[in-house]
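# Structural characterization, general
One letter stands for each residue in the lines below.
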Amino acid sequence: MKTHGENQAKSGVTSEALEGLLHQVLREDGKVFPVSEEDIRNLEAEIDPNEVETIDPARLLARVRREKPEESSKVVPLFGKTSSEVEDELQAMAARNGGQITDEVRKQMEQDRVNAEKGLDQEK
Amino acid sequence: MRENATVAEELATRSADDMDLLLRMTFKDENREDAEAALAEFFRRYQTTLLGFAEKSGFRALGWSPDDFVLRTFEKAFEKAGLFRAPSGLPPDKLRLKIQAWLFQIAKNEFLMEFRKPERKQEAPTERERTEAEGQAPLPEKPPERFDVQALQGKKAAVRTFLDALPEADREMLVISMNFFDFKTGKVHLPDDILEGLAESMGTTPESIKTKRGRLLRKLEDYLETTTTKTTQSTKQRKEL
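Not measured: the values here are computed from a predicted model.

## Here's the deal with the overall build of chain B
Along its length, chain B carries twelve helices and two strands. Mapped in sequence order, the helices and strands of chain B form the string α-α-α-α-α-α-α-α-α-α-β-β-α-α. Expressed as a percentage of its 241 residues, the buried residues of chain B come to 46%. Considering only contacts in chain B between residues 6 or more positions apart, those separated by 24 or more positions represent 66%.

## A word on the overall build of chain A
The helix and strand tally for chain A stands at seven helices and zero strands. When the helices and strands of chain A are read in sequence order from the N terminus, they spell out α-α-α-α-α-α-α. When the accessible surface of chain A is summed, it comes to about 8,900 Å², and 50% of that surface belongs to carbon and sulfur atoms.

## Some thoughts on the interface of chain B and chain A
Each partner contributes residues to the interface: chain B has 69 residues there, and chain A has 56 residues. Taken together, the two surfaces of chain B and chain A that pack against each other cover about 6,000 Å², and 65% of this comes from carbon and sulfur. Considering only the side of chain B, the residues that lose the most area to chain A are B:Lys56, B:Leu97 and B:Glu221, jointly responsible for 11% of the buried surface there. Put simply, chain B and chain A have 14 salt bridges between them. In this structure, B:Arg160 engages A:Glu28 in a salt bridge whose closest nitrogen and oxygen atoms are separated by 3.2 Å. Counting every contact that joins chain B to chain A gives 20 residue pairs in polar contact (both at pLDDT 80 or more). Within the residue set of the side of chain B that touches chain A, elements represented by two or more residues are helix 3 (32-56), helix 4 (66-79), helix 5 (92-115), helix 8 (147-150), helix 9 (156-165), helix 10 (168-177), strand 2 (187-188) and helix 12 (206-240) of chain B. Looking at the side of chain B that touches chain A element by element, the count peaks at 13 residues for helix 3 of chain B. For the side of chain B that touches chain A, the per-class residue count stands at 33 nonpolar, ten polar and 26 charged.

## With respect to the nonpolar core
All names here are of chain B. Within the largest apolar cluster, 81 residues are counted, with the highest numbers of intra-cluster contacts made by Phe42 and Phe111. At twelve residues, the largest contribution of residues to this core is made by helix 5. Those residues in contact with Phe42 that sit more than four places away from it in its chain are Leu21, Leu22, Met25, Phe74, Ile99, Trp102 and Leu103.

## A look at the confidence of the model for chain B
When pLDDT is averaged along chain B, the result is 84; 80% of the residues meet or exceed 70. Interface confidence for the predicted complex, expressed as ipTM, amounts to 0.80; the pTM equals 0.71.

## Some points on the packing of aromatic side chains
Aromatic ring pairs are reported here in terms of the distance separating the ring centres and the angle at which the planes meet. Taken as a whole, this structure holds 17 aromatic pairs over all chains when the rule is applied. Considering the side-chain rings of A:Phe33 and B:Phe59, the 6.3 Å spacing of their centres and the 35 degrees angle between planes classify their relative orientation as tilted. One end of the pair, A:Phe33, is in the loop between helix 2 (15-28) and helix 3 (37-46); the other, B:Phe59, is in the loop between helix 3 and helix 4, on a second chain. There is no split in this pair, since A:Phe33 and B:Phe59 are both buried. Among the aromatic residues, those joined into a cluster by ring pairs are A:Phe33, B:Phe53, B:Phe59, B:Trp64, B:Phe69, B:Phe104, B:Phe111 and B:Phe180. The ring centre of B:Phe78 lies 5.1 Å from the NZ or CZ of B:Lys28, which sits over that ring.

## Observations regarding the confidence of the model for chain A
Residue and element names in this part refer to chain A. Mean pLDDT over chain A works out to 73, with 57% of the residues at or above the 70 mark. Highest mean pLDDT in chain A belongs to helix 4 (residues 57-64) (96); lowest belongs to helix 5 (residues 70-73) (46). Note on residues 1-7: pLDDT under 50 across the span, and 14 contacts to partners over four residues away in sequence or across chains. Note on residues 71-81: pLDDT is under 50 here. Beyond four places in sequence and across chains, it has zero contacts.

## Regarding the packing of helix 4 of chain B against helix 5 of chain B
All names here are of chain B. Relative to each other, helix 4 and helix 5 sit at 115 degrees, their axes nearing to 9 Å. For the element pair helix 4 and helix 5, the recorded crossing hand is right-handed. Here Phe69, Arg72, Thr73, Phe74, Lys76 and Ala77 of helix 4 lie close against helix 5, whose contacting residues are Trp102, Leu103, Ile106, Ala107, Glu110, Phe111 and Glu114. Residue classes in the contact of helix 4 with helix 5 are distributed as eight nonpolar, one polar and four charged.

## As for the pattern of salt bridges
One pass over the full model with this rule turns up 28 salt bridges over all chains. Between A:Glu19 and B:Lys187 there is a salt bridge whose closest N-O contact spans 3.9 Å. With A:Glu19 in helix 2 and B:Lys187 in strand 2, this pair bridges two chains. Take A:Glu19: its relative accessible area is 5%, and that puts it in the buried class. Close ionic contact of B:Lys156 with A:Glu28 constitutes a salt bridge, the shortest N to O distance being 2.8 Å. A residue pair is termed interchain when its members come from two chains, as with B:Lys156 in helix 9 and A:Glu28 in helix 2.

## Points about helix 3 of chain B
Note on helix geometry: an α-helix contains 3.6 residues per turn, so any two residues three or four positions apart are oriented the same way. Residues and elements named next belong to chain B. Along its 25 residues, helix 3 runs 34 Å from first to last C-alpha, staying within 8% of the 36 Å computed at 1.5 Å per residue. Helix geometry: helix 3 is bent most strongly at Tyr46, by close to 50 degrees. In the segment just after helix 3, Gly58 is the residue with positive phi, at about 80 degrees.

## Here's the deal with the side chain of A:Ser15
Residue and element names in this part refer to chain A. Examined against the element boundaries, Ser15 turns out to sit in helix 2. The exposure class assigned to Ser15 is buried, which follows from its relative accessible area of 7%. A polar atom in the side chain of Ser15 sits 3.5 Å from the side chain of Glu16.

What counts, and where the lines are drawn
- Residues numbered from 1 in each chain as written.
- Chains lettered and ligands numbered in written order.
- Predicted model: local features only at pLDDT ≥ 70, side-chain atom pairs only at ≥ 80, totals over all residues.
- Heavy atoms only, no water.
- Helix = DSSP H or I, 4+ residues; strand = E, 2+ residues; numbered from the N terminus.
- Buried < 20%, exposed > 50% of the residue type's maximum accessible area, 1.4 Å probe, protein only.
- Contact = heavy atoms within 4.5 Å.
- Areas by Shrake-Rupley, 256 points an atom, 1.4 Å probe, with all protein chains shown as cover.
- Buried area = accessible area lost by both parts, 1.4 Å probe.
- Salt bridge = Lys/Arg side-chain N within 4 Å of Asp/Glu carboxyl O.
- Polar contact = N/O pair within 3.5 Å; in protein donor to acceptor, adjacent residues only side chain to side chain.
- Nonpolar A, V, L, I, M, F, W, Y, C, P; charged D, E, K, R; others polar.
- Core = buried A, V, L, I, M, F, W, Y, C linked by side-chain atoms within 4.5 Å.
- pLDDT = per-residue confidence, 0-100.
- Phe/Tyr/Trp six-rings, centres within 6.5 Å; stacked < 30°, edge-to-face > 60°.
- Lys NZ or Arg CZ within 6 Å of the ring centre and 35° of its normal.
- Axes fitted to C-alpha atoms, helices over the stretch in contact; angles between N-to-C directions.
- Left-handed = near helix turned anticlockwise from the far one by under 90°.
- Expected span 1.5 Å × (residues − 1).
- Bend = angle between axes of the 7 residues up to and from the residue.

What follows is the structure in structure tokens.
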């Protein structure tokens, strides 16, 4: 592999000049931080304001007020406050993957409940 | 923007000059609502250039959001509004440049702080960083010139072609590293902690960044040499014809 020194000898370009040129090109193209007012003028000329999607100032104000991020405030309950019975039923439905209970299964469940209650009574 | 502002107040803010907006921002403890209205207008006027820069400069490759970078810069500008200095009687276009330069110095400070290790982030910034951020070291009108770059002016187009042809990750790494170019030495100097932060952001090691960077610079040099040779040969052929 060629060393940088060998390349320098061949091209006559010093590594300082090479990095200086690269930095100059990147500054002119607005890709590294400007180091002069002239660079800022170049940068402004490079940027098409119509292509920049601007930020709503309300987002900045929320930050300076130390408000919670917008994402969390957007999470609101869909149905308002629900009773615990409804919540339990929703959880049970979720456990059944949203499926309905057939008459046969429901009869079996009722029978199981009666048997369980009988068992509890006998324990007492 | 102000919840209780009248139409007349809104219009007055829209037409206020930049110095007036900055002054109103300094009184945030006395009149918070007015200071925030001034900040919103200031942000509307100046966010585009910074946003455009953040999009172009490859911050996404570091996992940074350009929006977040710009919002952080203006948040700091709101805190430091009282430290902005400009000679009185500046024409509006000159004042506009001074303000942009100040915002970019704050932005660069935030950029540097992002690379610092978490434990260092809690420390006070260095004197140089603080000075830059507070606008006491204004940007010069023109960049410092290096005489050895003058001879290479004709090669800018070749540099751009070279950069465009690089894989995105290599290009972004090279571009981001060039933010640490030192005019005094004509070379990039990446402090160790910044290099570690950069490597972490890019999911690699400091050694790998150094090696890859060196290899890319050699490739660029080879490419410039090749294009120069080709140009010389075609010029010679045209003359012969």
